[in-house]
Every structure is written in structure tokens, then in C-alpha cells.
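Structural features, examined
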Amino acid sequence: MLYLVAFAVLSCVAPVFAWINYTADGTATMTHYTIPADFVASCGCTGDSTLYPTAALSQMAYGSSAAYGPGCGKCFNLTLLNSYTGTPPFFPTISKSIVVKITDLCPLSIAGWCSGTEKKPNPSGQYLNFDLAYPSKAIPDDFFPSNATFYGYTDFGVWNITYQTVDCSSWAGWKDASALGSVAYLDSSSACCPDNPTGAANDTCPSYSDHNGIAPDTTTSSAMVVQIPNVFLMFCLLYLCCCNQLHY
């Protein structure tokens with residue numbers, strides 16, 4: 001028990017970062033990363049979600065430093081504006097958009113594209129970054145426009161984009177039941193992937209790293225009921241009390 005008290009005190013004196021309260025529509029950067037087919041990412045969404053466009057969201061917008069967060073399951077329409085890395089910047093003549101579902105976390109970094117915090121933007125001046133799972137069978141190979149003749153390469157790596165929060169019925173995987181929800185072998189204490197989160201407590205994931213409780217049950221079959229040990233509850237209360245003291 002003394003160990004838990006010490007841990008709670010040390011946690012409270014650590015730097016406190018506020019999650020980014022971003023607008024429903026705005027600007028951001030887009031990068032891309034590779035994940036295997038059927039991969040179960042941070043949110044715990046089903047492997048079949050990889051058959052459709054998905055993305056990781058930068059940590060401070062995602063809302064957790066590990067496992068699931070409020071960003072899990074949300075859907076966004078992302079539209080390419082111009083390349084960030086090209087010199088001069090490349091402005092495509094055709095506007096390209098894609099609707100993605102957030103299934104993964106892009107960890108906070110010191111100076112990378114997912115480094116945006118409430119007070120400090122990333123190198124492009126944006127606070128949000130969407131890391132698109134690409135290449136992917138769900139996305140055309142020519143999704144990212146380029147001018148190889150002028151630039152000498154086809155992959156700019158980083159794009160300035162606009163994002164728009166949309167209903168997940170717009171996502172390509174919406175009608176595929178196997179692509180929705182979280183995997184059945186992970187209970188609600190370790191996975192949370194709502195079909196269509198609205199921000200309400202009963203359909204939106206809490207922050208795993210904030211220890212705000214057990215996530216809503218979003219598994220594709222009935223999840224196991226998890227009993228929280230009394231010791232854990234005592235730790236949470238102590239943690240919250242300690243942090244509240246530091247905020248005032």
C-alpha cells in the first residue's frame with residue numbers, strides 16, 4: 001500500500017499535459033505508416049478494420065498515452081491541401097479526400113509530427129496529425145498526388161490537410177459488421193472501439209491513461225464484466241486527490 005501511495009505522489013508531481021480540445025473541423029498534418037493486415041492497434045479495434053481506411057491520431061488529440069482514448073472509433077474526412085516537405089510546396093490540381101476511422105495512437109514525440117500539444121504545434125504549425133495506414137488495399141496506390149518529373153520522387157511524406165469530423169456511416173467499413181467494434185478476446189478494460197462515437201459517455205471511450213474508469217463495452221460479442229479491486233479504487237482516489245491539490 002505504501003508503494004501505491006508513493007507512486008501516486010510521484011505521478012502527481014510529474015508534468016501535467018492537457019489533452020487538446022480540438023474543433024470538429026480544422027487543419028492538420030498527415031503522415032503515413034505501415035501496419036500489417038488484421039493488426040489490432042491501440043484501440044483494440046477488430047483486425048478486419050484494416051480492410052478499410054484507418055489512421056492513428058496524435059497522442060494529445062487522441063486523449064491517452066496508452067491503449068484506448070476518446071479518439072478511438074471517431075471518423076474524419078481528410079482532404080489533401082499541399083505537401084509540406086516539397087520545395088516549393090506541391091499543390092495538386094485535383095482535390096483528394098478520404099474518410100478514415102481512428103484505430104491507433106501516434107505517440108507524443110519531442111519534435112516529430114505527432115508532437116503537437118495544447119501549447120505547442122508540430123513543425124508544420126499544426127496541433128493535430130493523422131498518421132494514415134498506407135500503403136493499404138483499402139486506399140488507391142495513387143491516392144497521394146505527385147510530380148516526379150519536377151521533384152524527382154513521388155512520396156512527399158507529409159501533407160497539410162483539412163479534417164472534418166463525420167458520422168461513421170460515411171466510412172467504407174460501416175456496413176461490414178466484422179470491421180466494427182473491438183476484438184472479443186480483449187475485455188473492456190483493455191479495448192475500446194465504438195462503432196460511431198458521438199461524445200456521449202455511453203458510446204465514447206474514456207482516457208485509459210487518466211484512469212477514469214472502465215471503457216464502455218464495444219466488443220463484437222459480450223465482454224467479460226471486470227471487477228475493479230478495492231486497492232485500485234483507493235489508488236485512483238488518492239491519485240485524483242493529489243493532482244487536484246497540485247492544480248490549486
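Structure's up top.
Throughout what follows, the structure given in this document is the object of discussion. Just so it is clear, the model here is predicted, and its values are computed rather than measured.

Parameters and conventions
Residues numbered from 1 in each chain as written. Predicted model: local features only at pLDDT ≥ 70, side-chain atom pairs only at ≥ 80, totals over all residues. Heavy atoms only, no water. Helix = DSSP H or I, 4+ residues; strand = E, 2+ residues; numbered from the N terminus. Buried < 20%, exposed > 50% of the residue type's maximum accessible area, 1.4 Å probe, protein only. Contact = heavy atoms within 4.5 Å. Areas by Shrake-Rupley, 256 points an atom, 1.4 Å probe, with all protein chains shown as cover. Polar contact = N/O pair within 3.5 Å; in protein donor to acceptor, adjacent residues only side chain to side chain. Disulfide = S-S within 2.5 Å. 1 Å grid on protein atoms, 1.4 Å probe; cavity = no way out; pocket = protein on both sides within 12 Å on 5 of 7 lines; lining within 4 Å. Points joined across faces, edges and corners; volume = space filled by probe spheres on them. Nonpolar A, V, L, I, M, F, W, Y, C, P; charged D, E, K, R; others polar.

To continue, consider the overall build of the protein chain. Check the secondary structure of the protein chain and you find 4 helices and 6 strands. The secondary structure elements of the protein chain, listed N-terminal to C-terminal, are α-β-β-α-β-β-β-α-β-α. Burial analysis of the protein chain (248 residues in total) assigns 46% to the buried set. Taking as baseline every contact in the protein chain between residues at least 6 positions apart, the subset at least 24 positions apart corresponds to 75%. As displayed, the protein chain offers around 12,600 Å² of accessible surface, 60% of which is attributable to carbon and sulfur atoms.

With that out of the way, let us pick up the side chain of Gln126. Mapping Gln126 onto the fold places it in the loop between β4 (97–106) and β5 (129–133). Overall, Gln126 belongs to the buried group, its relative accessible area being 15%. Among the polar contacts listed, one links the side chain of Gln126 to the side chain of Thr27, at a separation of 2.8 Å. When neighbours within four sequence positions are excluded, Gln126 is seen to be in contact with Thr27, Ala28, Thr29, Pro121 and Asn160.

In a disulfide, the sulfur atoms of two cysteines are covalently bonded to one another. Applying the stated criterion across every chain, the model contains 5 disulfides. Here Cys43 connects covalently by a disulfide to Cys72, the sulfurs 2.1 Å from one another. Of note, the bridge from Cys43 to Cys72 carries an S-S torsion of about -90° and is left-handed in sense. Of this pair, Cys43 sits in the loop between β1 (25–33) and β2 (54–58) while Cys72 sits in the loop between α2 (59–62) and β3 (75–83), placing them 29 residues apart in sequence. The burial state of Cys43 is the same as that of Cys72; both residues are buried. Sulfur-sulfur distance for the disulfide between Cys106 and Cys114 comes to 2.0 Å.

A few words now on empty space enclosed by the protein. One pass over the full model with this rule turns up 1 cavity of 30 Å³ or more. There is about 40 Å³ of room inside the largest cavity. In this structure, the largest cavity is lined by Ile35, Phe39, Val40, Ala41, Cys45, Thr46, Ser49, Thr50 and Thr103. Across the lining of the largest cavity, the residue classes break down as 5 nonpolar, 4 polar and no charged.

Next up on the list: unusual backbone geometry. Here the amide bond leading from Tyr134 into Pro135 is cis, since omega sits at 5°, within 30 degrees of zero. Relative to the helices and strands, Pro135 resides in the loop between β5 and α3 (148–151). The residue Asp38 is not glycine, and still its phi comes out positive at about 70°. Relative accessible area serves as the criterion here: at 49%, Asp38 is assigned to the partly exposed category. Located in the positive-phi region is Ala67, a residue other than glycine, with phi close to 50°.

Without other data, these values stay purely geometric and don't point to any function.
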